[in-house]
Amino acid sequence: MVGPNRPQFVLFGSSIVQFSFADQGWGAILADLYSRRADVLVRGYGGWNSRNALQVLEQVFPKDAAIQPSLVIVYFGGNDSTLPHPHDFTPHVPLPEYIENMRKIATHLKSLSEKIRLVFLSAPPVNEDMIRRFISLDWPRTNESCRIYSEACLKLCEEMGIKAIDLWTAIQKRDDWPTVCFTDGIHLTSEGSKIVVEEILRTLKEAEWEPSLYWKSLPAEFVGVSPLDPEILGNFQRTLQWEQN
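This write-up is about the structure you can find in this document. Here the structure is a predicted model, which is why all the values come from computation and not from measurement.

Description of the packing of helix α2 (residues 26–33) against helix α9 (residues 190–206)
The relative placement of two packed helices is expressed as an angle between their axes plus a distance between the axes.
Here comes step 1: At a minimum axis distance of 8 Å, the contact between α2 and α9 shows a crossing angle of 50 degrees. Accordingly, the angle class assigned to the pair α2 and α9 is oblique. Between α2 and α9 lies a crossing of right-handed hand. Of α9, the residues touching α2 (which contributes Trp 26, Ile 29, Leu 30 and Leu 33) are Ser 193, Lys 194, Val 196, Val 197, Ile 200 and Leu 201.

In structure tokens:
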């Protein structure tokens, strides 16, 4: 552990999380934006579903850890929503089990600390034609099944008082979402990731949390040590596009 200690933001999920630092992904954007303010940690596991997440939950988030995260952003649902196949393995998890798994994940995370904050991301949409062109795995995934699991996640979060982001709806607000938001029909391009970041920032800004975890509200580390510090000069070009958030 290197110091000083900063707030820890943990991204926990499947490949949407694992790949979030590649190609100007949403994890990389957040890490850049929160530079000197919070440490963004990735715990992403490609191909996983909520059932897999439960198997390692206490290892990834041990209750006896000396430092607990300030924020955990959770994403599972896309793989769970794949359609069952009678002969081949798929990561499909029946909807009732998915809901219960997500409830258990939330309950465990809440138990780590009174100060921990949670944001759940719902399943985003998919481009079915692009999936057929780029992905050879026989894991049937439809936009309709993603909608069903997305809505189930949102309903659970409302029931448990957890902040939730409706990615299925947010991404489809762009008229050109099927062609510009995905690399293969499932995983996000930089344009798709920008939507995720915008939704996360909006959620953190609107949350009535004390202390606030919105990026402008967190103090920057060691400001004032150097007169040329860009935090003082205010010329962070990379953050200008987020000033409106």
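Considering the pairing of strand β1 (residues 8–13)
Put simply, side chains in a regular strand alternate between the two faces of the sheet.
Here comes step 1: In terms of burial, β1 is a largely internal element, six of the six residues being buried.
Here comes step 2: Along β1, one buried face is formed by Gln 8, Val 10 and Phe 12 and the opposite face, lined by Phe 9, Leu 11 and Gly 13, is buried too.
Here comes step 3: Where β1 meets strand β2 (residues 39–44), six bridges bridge the pair, whose relative direction is parallel. Residue pairing for β2: Val 10 is matched across the bridge by Leu 41.
Here comes step 4: Note that β1 and strand β3 (residues 71–75) share five bridges and pair parallel. By the bridge assignment, Val 10 is partnered in β3 with Val 72.

Quick look at the packing of aromatic side chains
Here comes step 1: Taken as a whole, this structure holds seven aromatic pairs when the rule is applied.
Here comes step 2: With a centroid separation of 6.0 Å and an interplanar angle of 80 degrees, the aromatic rings of Trp 177 and Phe 182 are classed as edge-to-face.
Here comes step 3: Centroid distance Tyr 214 to Trp 215: 6.4 Å. Interplanar angle 65 degrees. Geometry classified as edge-to-face.
Here comes step 4: Take Tyr 214: its relative accessible area is 5%, and that puts it in the buried class.
Here comes step 5: One aromatic cluster is present, built from ring pairs that chain together Phe 12, Phe 61 and Phe 76.

What to know about the nonpolar core
Here comes step 1: Formed by 37 residues in total, the largest nonpolar core has its most connected members in Trp 26, Tyr 34, Ile 73, Leu 121 and Ile 200.
Here comes step 2: If you list the elements that add at least two residues to this core, you get β1, α1 (15–18), α2, β3, β4 (117–121), α7 (167–172) and α9.
Here comes step 3: Among the elements that line this core, the one with the most residues is α9, at six residues.
Here comes step 4: Excluding residues that lie within four positions of it along the chain, Ile 73 makes contacts with Val 10, Leu 11, Phe 12, Trp 26, Leu 30, Val 119, Leu 121 and Ile 200.
Here comes step 5: Val 72, Val 74, Val 93 and Met 102 belong to the second largest nonpolar core, which has 26 residues in total.

The rules behind these values
Residues numbered from 1 in each chain as written. Predicted model: local features only at pLDDT ≥ 70, side-chain atom pairs only at ≥ 80, totals over all residues. Heavy atoms only, no water. Axes fitted to C-alpha atoms, helices over the stretch in contact; angles between N-to-C directions. Helix = DSSP H or I, 4+ residues; strand = E, 2+ residues; numbered from the N terminus. Parallel < 35°, antiparallel > 145°, perpendicular 65-115°, else oblique. Left-handed = near helix turned anticlockwise from the far one by under 90°. Contact = heavy atoms within 4.5 Å. Buried < 20%, exposed > 50% of the residue type's maximum accessible area, 1.4 Å probe, protein only. Pairing = 2+ DSSP bridges. Phe/Tyr/Trp six-rings, centres within 6.5 Å; stacked < 30°, edge-to-face > 60°. Core = buried A, V, L, I, M, F, W, Y, C linked by side-chain atoms within 4.5 Å.

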